[in-house]
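# Structural features, examined
Single-letter residue listing:
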Amino acid sequence: MGEILKVEDLKVRFYTYEGIVKALEGVNLDVLEGETLGIVGETGSGKTVTSLSILVLIPPPGRIEEGKILFRRGKEFLDFLRNTQVMYQIRGKEISMVFQEPNAALNPVYTVGDQVSEVLVLHRRKEFLKKTVEEIEEELERGTGFKKFLLRIEKKIYSGMLKEQLPLALRFLLKVPILNRLGKSRFNKEVRNEVVNILREMGIGDPERVVDMYPHELSGGMQQRVVIAMALACNPKLLIADEPTTSLDVTVQAQILDLIRELKEKFKSSIIYVTHDMGVIAELCDRVAVMYAGTICEVANVLELFKNPLHPYTKALLESIPKPGKELKAIRGTVPNLVDPPSGCRFHPRCDYNMPICSKEKPELREIKKGHYVACHLYKR
Amino acid sequence: MRAYIARRLLLLVPTLIGLSILIFAVLQVFSPVERAALYIRDPKAAKNIGAIIRKYHLDAPLYVQYFTWLSEVLHGNLGWSKSVNMPVSEAIKTFLPATVELVAFSIPLTVIVGIYLGVISATHKDKALDHATRALAIAGWSLPSFWLGLVLISIFYGGLKIFPPGRLSTEHSIVVNSPGFIRYTGMNTIDALLNGNLEIFLDALQHLILPTITLTTINIALIVRIMRSGMLESLSKNYVLAARAKGLPEKVVINKHARRNALIPVITVSGLLTAGMLSGVVITETVFNYHGIGYWAANAATQLDIPAVLGFAIFTGLLFIFANLIVDLLYAYIDPRIRLE
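Conventions and cut-offs
- Residues numbered from 1 in each chain as written.
- Chains lettered and ligands numbered in written order.
- Predicted model: local features only at pLDDT ≥ 70, side-chain atom pairs only at ≥ 80, totals over all residues.
- Heavy atoms only, no water.
- Pairing = 2+ DSSP bridges.
- Helix = DSSP H or I, 4+ residues; strand = E, 2+ residues; numbered from the N terminus.
- Axes fitted to C-alpha atoms, helices over the stretch in contact; angles between N-to-C directions.
- Buried < 20%, exposed > 50% of the residue type's maximum accessible area, 1.4 Å probe, protein only.
- Contact = heavy atoms within 4.5 Å.
- Salt bridge = Lys/Arg side-chain N within 4 Å of Asp/Glu carboxyl O.
- Phe/Tyr/Trp six-rings, centres within 6.5 Å; stacked < 30°, edge-to-face > 60°.
- Lys NZ or Arg CZ within 6 Å of the ring centre and 35° of its normal.
- Patch = residues over 30% accessible without salt bridge, like charges linked within 9 Å, V, L, I, M, F, W, Y side chains within 5 Å.
- Areas by Shrake-Rupley, 256 points an atom, 1.4 Å probe, with all protein chains shown as cover.
- Core = buried A, V, L, I, M, F, W, Y, C linked by side-chain atoms within 4.5 Å.
- pLDDT = per-residue confidence, 0-100.
- Buried area = accessible area lost by both parts, 1.4 Å probe.
- Polar contact = N/O pair within 3.5 Å; in protein donor to acceptor, adjacent residues only side chain to side chain.
- Parallel < 35°, antiparallel > 145°, perpendicular 65-115°, else oblique.
- Left-handed = near helix turned anticlockwise from the far one by under 90°.
- Nonpolar A, V, L, I, M, F, W, Y, C, P; charged D, E, K, R; others polar.
- Expected span 1.5 Å × (residues − 1).
- Arc of directions from axis to C-beta.

### With respect to the sheet that holds strand 4 (residues 62–73) of chain A
Residue and element names in this part refer to chain A. One open sheet accounts for four strands, arranged 2-1-4-5; its pairing is antiparallel. Each of the sheet's edge strands pairs with one partner strand only, and the pair in question is strand 2 (19–32) and strand 5 (76–79). Each adjacent strand pair in this sheet contributes to an overall mean axis angle of 15 degrees, direction not counted.

### Overview of the environment of Val281 of chain B
Residue and element names in this part refer to chain B. Assignment of secondary structure puts Val281 in the loop between helix 13 (250–278) and helix 14 (282–287). On the basis of relative accessibility, which here comes to 11%, the residue Val281 falls in the buried class. Separated by 70 residues in the primary sequence, Val281 and Pro211 place their C-alpha atoms 9.9 Å from one another. Once you skip the residues sitting within four places of it in the chain, Val281 turns out to touch Leu102, Leu215 and Gly294.

### Side note on the pattern of salt bridges
All names here are of chain A. Summed over all chains, the structure comprises 30 salt bridges over all chains. Of the charged contacts, one joins Lys47 and Glu243 as a salt bridge, the two residues approaching to 3.2 Å between their closest N and O atoms. Of this pair, Lys47 sits in helix 1 (residues 47–54) while Glu243 is found in the loop between strand 7 (238–242) and helix 11 (250–267), placing the two residues 196 residues apart along the sequence. Classification of Glu243 by relative accessible area gives buried; the value is 6%.

### Remarks on the packing of aromatic side chains
All chains considered together, the criterion is met by 12 aromatic pairs over all chains. With centroids separated by 5.2 Å and ring planes inclined at 70 degrees, the aromatic side chains of Tyr66 of chain B and Phe67 of chain B adopt a geometry described as edge-to-face. Owing to a relative accessible area of 12%, Tyr66 of chain B belongs among the buried residues under this scheme. Arranged with centres 6.3 Å apart and planes meeting at 35 degrees, the rings of Phe312 of chain B and Phe315 of chain B form a pair that is tilted. Taken together, the residues Phe312 of chain B and Phe315 of chain B, both in helix 16 (residues 306–334) and three residues apart, mark about one turn of the helix. A single burial state applies to Phe312 of chain B and to Phe315 of chain B, both of which are buried. A cation over an aromatic ring shows up here: Arg91 of chain A above the ring of Tyr88 of chain A, its NZ or CZ 5.3 Å from the ring centre.

### Some words on unusual backbone geometry
Leave glycine aside and you will find that most residues have negative phi; peptide bonds, for their part, are mostly trans. All names here are of chain A. Of note, the amide linkage connecting Pro60 to Pro61 takes the cis form, showing an omega dihedral of 10 degrees. Topologically, Pro61 is positioned in the loop between helix 1 and strand 4. Despite not being glycine, Val56 has its phi angle at roughly 55 degrees, a positive value. Mapped onto the fold, Val56 is located in the loop between helix 1 and strand 4.

### As for a nonpolar patch on the surface
Residues and elements named next belong to chain B. Nonpolar side chains collect at one region of the surface, where Phe146, Trp147, Leu150, Val282 and Ile283 lie side by side and expose about 470 Å² of accessible area between them. For the nonpolar patch, the element with the highest residue contribution is helix 8 (residues 145–159), accounting for three residues. With respect to the helices, strands and loops of the structure, Val282 is situated in helix 14. Val282 gets classed as partly exposed once you look at its relative accessible area, which sits at 32%.

### Side note on the environment of Asn197 of chain A
Residue and element names in this part refer to chain A. As for its position among the elements, Asn197 is in helix 8 (residues 185–201). Under the relative-accessibility criterion, Asn197 is labelled partly exposed at 36%. Residues Asn197 and Glu208, 11 residues apart in the sequence, show an inter-C-alpha distance of 9.2 Å.

### Considering the nonpolar core
Of all hydrophobic cores here, the largest spans 114 residues; its most connected members are Leu5, Ile95, Leu199, Ile228, Ile272 and Tyr273 of chain A. Ranked by the residues each element gives to this core, the list is headed by helix 4 (residues 112–142) of chain A, at nine residues. One finds Ile218, Val269, Ala275 and Ile334 of chain B within the second-largest nonpolar core, a separate group that totals 61 residues.

### Details of the confidence of the model for chain B
Should the pLDDT be low somewhere, the predicted coordinates at that spot are not to be read in detail. Across chain B, the average pLDDT comes to 84, with 98% of residues at or above 70. The ipTM for the predicted assembly is 0.85, set against a pTM of 0.81.

### Section: the interface of chain B and chain A
Of the residues lining the interface, 21 residues belong to chain B; the matching set on chain A comes to 24 residues. Summing the contributions of chain B and of chain A, the shared interface buries around 2,200 Å²; its carbon and sulfur component is 63%. Considering only the side of chain B, the residues that lose the most area to chain A are Leu241, Ala245 and Lys246 of chain B, jointly responsible for 28% of the buried surface there. Ionic pairing is found between Lys246 of chain B and Glu118 of chain A, a salt bridge with its closest N-O pair at 2.6 Å. Counting across the interface, chain B meets chain A through 10 residue pairs in polar contact (both at pLDDT 80 or more). Elements with a minimum of two residues in the side of chain B that touches chain A: helix 12 (238–245), helix 13 and helix 17 (336–339) of chain B. Per-element accounting of the side of chain B that touches chain A gives the leading share, six residues, to helix 12 of chain B.

### Focus on the pairing of strand 9 (residues 287–292) of chain A
Residue and element names in this part refer to chain A. In terms of burial, strand 9 is largely enclosed, as six of its six residues are buried. Along strand 9, one buried face is formed by Arg287, Ala289 and Met291 and the opposite face, lined by Val288, Val290 and Tyr292, is buried too. Here strand 3 (residues 36–40) runs beside strand 9; their pairing, made up of four bridges, is parallel. Looking at the pairing, Val40 lines up with Val290 of strand 9. Here strand 9 pairs with strand 10 (residues 295–301) via six bridges, running antiparallel. In the strand pairing of strand 10, Arg287 is matched with Asn301. Between strand 9 and strand 10, which pair antiparallel and follow one another directly, the connecting turn spans two residues, one of which, Ala293, has a positive phi of 45 degrees.

### Examining the packing of helix 15 (residues 293–302) of chain B against helix 16 of chain B
Residue and element names in this part refer to chain B. Orientation of helix 15 relative to helix 16, taken along the N-to-C sense of each, is 140 degrees, at an axis distance of 9 Å. Relative to helix 16, the element helix 15 lies oblique. Here helix 15 and helix 16 pass one another in a crossing that is left-handed. Judged by residue contacts, Ile293, Trp296, Ala297, Ala300 and Ala301 of helix 15 engage Ala308, Val309, Phe312 and Phe315 from helix 16. For the contact of helix 15 with helix 16, a count of residues per class yields nine nonpolar, no polar and no charged.

### A look at the sheet that holds strand 10 of chain A
All names here are of chain A. Read from one edge of the open sheet, eight strands run 6-7-8-3-9-10-12-11, paired in mixed fashion. Edge positions in the open sheet fall to strand 6 (95–98) and strand 11 (366–369), since each of these has one partner strand only. For this sheet, the mean inter-axis angle between neighbouring strands, taken without regard to orientation, is 20 degrees. The pairing of strand 11 with strand 12 (residues 372–374) spans three bridges and is classified as antiparallel. Bridging from a neighbouring strand, Arg366 pairs with Val374 of strand 12.

### Concerning helix 2 (residues 12–27) of chain B
Every α-helical turn comprises 3.6 residues, leaving residues that sit three or four positions apart pointing alike. All names here are of chain B. Compared with the 22 Å implied by 1.5 Å per residue over 16 residues, the 23 Å span of helix 2 between its first and last C-alpha is a close match. Buried residues of helix 2: Leu12, Leu19, Ser20, Ile23, Phe24 and Leu27, and no others. Relative to the axis of helix 2, the buried residues are bounded by an arc of 130 degrees and lie together on one face. The inward-facing, buried residues of helix 2 abut helix 1 (2–10), helix 3 (32–37), helix 5 (62–74) and helix 16.

Here it is in structure tokens:
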């Protein structure tokens with residue numbers, strides 16, 4: 001199993017009126033093929049910024065200052081921070097994303113079908129055109145007379161679109177809305193059928209009806225299923241799920257988690273699962289990266305991390321999970337303001353093991369045991 | 001959608017009744033004799049005032065008066081406009097097409113260019129293009145229309161001798177008013193085309209250019225600003241991020257996903273702007289000696305032509321009611337959440 005994605009030394013800054021927010025400070029991450037990597041941390045630790053950076057989606061006033069985002073395609077790694085062309089091909093097709101609040105991630109003025117088919121038409125156009133041409137050929141064998149004549153014209157249009165050699169006049173005619181709908185009705189039907197199939201796979205009952213519904217007519221759980229459908233429409237190699245269950249209630253949460261697990265089995269894609277919920281991490285992930293104030297402080301296998309946490313922050317985080325009969329231990333202090341973050345290790349003002357070096361030098365992420373990385377001066381060898 | 005339209009149309013009934021009662025109430029300020037005078041065409045006929053009072057039941061109980069008045073209004077009898085010497089309904093029919101023609105050229109220009117500039121301004125937020133667009137728009141908004149109109153006339157008519165004021169050149173207006181020329185709509189450009197007279201069409205167009213530019217320059221800032229703020233809001237929404245994450249090119253993200261959501265406030269303002277313009281762009285019409293409905297109403301008001309003013313009030317009321325109706329129907333078309341409420 002090799003890496004499918006490598007994030008190297010990522011630095012993200014937000015230029016706000018209060019000052020420069022140092023949101024990410026040298027983040028390094030690897031995602032292996034077929035694995036589920038959890039990213040866990042408090043609100044404001046940079047989980048979402050990390051996942052948005054992977055798709056180069058940081059909204060202004062944010063900017064990716066430094067670093068590389070390398071995505072494997074075949075044998076070579078492509079850095080799409082420096083190659084916009086590649087980025088547009090990869091977004092939505094090979095890496096896709098599920099957002100935190102499904103009702104915000106769906107455009108209120110377009111139907112579910114519209115929004116899902118958009119991805120299909122964008123990335124799988126050729127496949128559908130081929131299918132349509134084949135279908136017409138089949139009908140041609142049976143057709144007679146005038147119908148055969150019409151089918152021949154249709155075939156010409158579709159194979160022209162497939163080879164991208166449509167005559168200029170036809171291309172112009174297809175720009176007219178009504179003619180477009182008429183001329184491409186077969187293609188649109190093909191796409192719609194696929195949308196219905198995908199929705200059914202996502203566990204949506206009655207998908208034929210849901211295709212024509214608007215997002216606000218669906219419940220939160222259903223909306224999230226639609227968002228996941230959009231993300232998985234092209235069988236991506238990597239799915240980034242940014243707290244997909246946070247805004248849903250508990251029973252729906254469990255359903256969505258089950259769905260993600262099922263889909264992972266089926267599509268064999270890698271998943272980056274961003275959450276602040278340790279329970280979900282334990283249930284779903286293979287490896288975990290713990291983030292604090294824009295840095296990664298520990299990366300390890302799930303079992304290893306829960307059994308043998310090394311970083312003081314991870315320890316504190318695991319102790320702060322509520323357990324019956326035990327007093328809840330909160331981490332003292334608050335998350336630092338990233339406009340003016342603490343020097344050295346960003347956790348040192350809240351750390352119980354604070355040493356003089358902690359405020360002076362930023363600890364590097366080092367492999368302590370096999371596969372267990374930690375960024376802390378306690379474990380200097 | 002159909003239920004929404006039906007409900008919206010039903011709502012028209014109480015609104016229209018409300019409007020009629022309001023205007024009828026204004027009429028009650030006058031005594032029966034004064035109200036009878038509204039229907040008199042010739043001052044010499046004043047001695048028949050008793051007959052007119054009896055004819056229109058002006059001394060009957062209020063409800064009888066209201067229904068008589070309403071049925072007269074519905075039959076198009078709004079009184080006699082002494083300032084132009086014709087019935088009020090006839091005057092509206094004469095002067096309205098000119099204004100409609102002017103608005104039909106100005107509003108699409110304002111709205112389309114305004115939306116386009118608003119989108120550009122929002123997508124280039126805080127860059128030079130954004131600042132330039134906003135500065136120009138605000139400059140246009142701040143210009144008094146009479147000043148802009150006069151400057152345009154002095155440059156393009158006084159200096160360059162193109163784009164004259166008025167609605168038509170003298171020789172063409174003779175043709176237009178001759179019996180051989182059929183007036184289908186009263187709008188010079190359309191009538192010229194329907195009569196197959198290209199020369200008149202071009203002449204009418206020439207006369208329309210300056211007032212259209214004036215109205216567009218003055219009103220465009222409104223659309224630009226509203227479109228800009230709407231776009232900025234929808235561009236910051238998660239669905240725009242999601243659209244980008246799908247791999248859609250920036251053009252589709254902006255023109256499909258962000259723009260449609262930003263259009264709703266623009267529709268409201270465009271609707272009101274249209275109604276406002278139709279009910280009189282007095283200054284612009286006066287500056288360009290363009291005889292539209294605003295020109296008539298302003299004249300009537302200065303000459304104490306009360307039937308004309310009242311007729312104009314009814315007309316304006318109706319206009320706003322229907323503008324709101326169209327705005328509401330467009331809302332429902334653009335935003336499905338409104339349809340289903």
